[in-house]
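Spelled out from the first residue to the last, the chains are:
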Amino acid sequence: LPAGLQSADTRPETTCFPLEKRSFFVMVSDGVADAFPEETILMQEIARLSRQNSPRQLASSLVASAKQQKGNRAWDDMTVIAAKVIEA
């Protein structure tokens, strides 16, 4: 559930996995995810953008790409958080 909408007895689900040096960690809102017709296409776009960009550039370019998928307009909230692992 979104922050602030969870009940007191709700525990968040957690997942742990290792990140390697120079890996990107990317979180997107449903507005970005739903702009792409398939999750595979979204993942391919993230992989393509992460090869050459900083986290800031990746986030900005991914929002622009999501808008392009929807006729160059933001049709919902479109948020991307990107971080790069600098030490493993």
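That block above? That's the structure.
Quick caveat: nothing in here was measured; it's all calculated off a predicted structure.

How would you explain unusual backbone geometry if you had to name every residue and give the values?
Of all residues except glycine, most have a negative phi; of all peptide bonds, most are trans. At Arg22, a residue that is not glycine, the phi angle is positive and equals roughly 75°. Locating Arg22 in the fold gives a position in the segment before strand E1 (24-28). Take Arg22: its relative accessible area is 62%, and that puts it in the exposed class.

So what's going on with the environment of Ser23? Residues and values would help.
Mapped onto the elements, Ser23 comes out in the segment before E1. Discounting residues that sit within four places of it in the chain, Ser23 has contacts with Ala83, Lys84 and Val85. Within the local environment of Ser23, its side chain forms a polar contact with the backbone oxygen of Glu20, the two atoms lying 2.8 Å apart.

So what about helix H3 (residues 55-69)? Which residues, and what values?
The first and last C-alpha atoms of H3 sit 21 Å apart over 15 residues, in line with the 21 Å expected at 1.5 Å per residue. The set of residues buried in H3 consists of Leu58, Ala59, Leu62, Val63, Ser65 and Ala66. End-on, the buried residues of H3 take up no more than an arc of 160°, which puts them together on one face. Away from its buried face by more than 90 degrees, H3 exposes Arg56 and Gln68. Packing partners of the buried residues in H3 comprise E1, helix H1 (30-33), helix H2 (39-50) and strand E2 (80-84). Directly beyond the C-terminal end of H3, a positive phi value near 75° is found at Gly71.

Rules used throughout
Residues numbered from 1 in each chain as written. Predicted model: local features only at pLDDT ≥ 70, side-chain atom pairs only at ≥ 80, totals over all residues. Heavy atoms only, no water. Helix = DSSP H or I, 4+ residues; strand = E, 2+ residues; numbered from the N terminus. Buried < 20%, exposed > 50% of the residue type's maximum accessible area, 1.4 Å probe, protein only. Contact = heavy atoms within 4.5 Å. Polar contact = N/O pair within 3.5 Å; in protein donor to acceptor, adjacent residues only side chain to side chain. Expected span 1.5 Å × (residues − 1). Arc of directions from axis to C-beta.

Everything listed is a geometric property; what it means functionally is a separate question.
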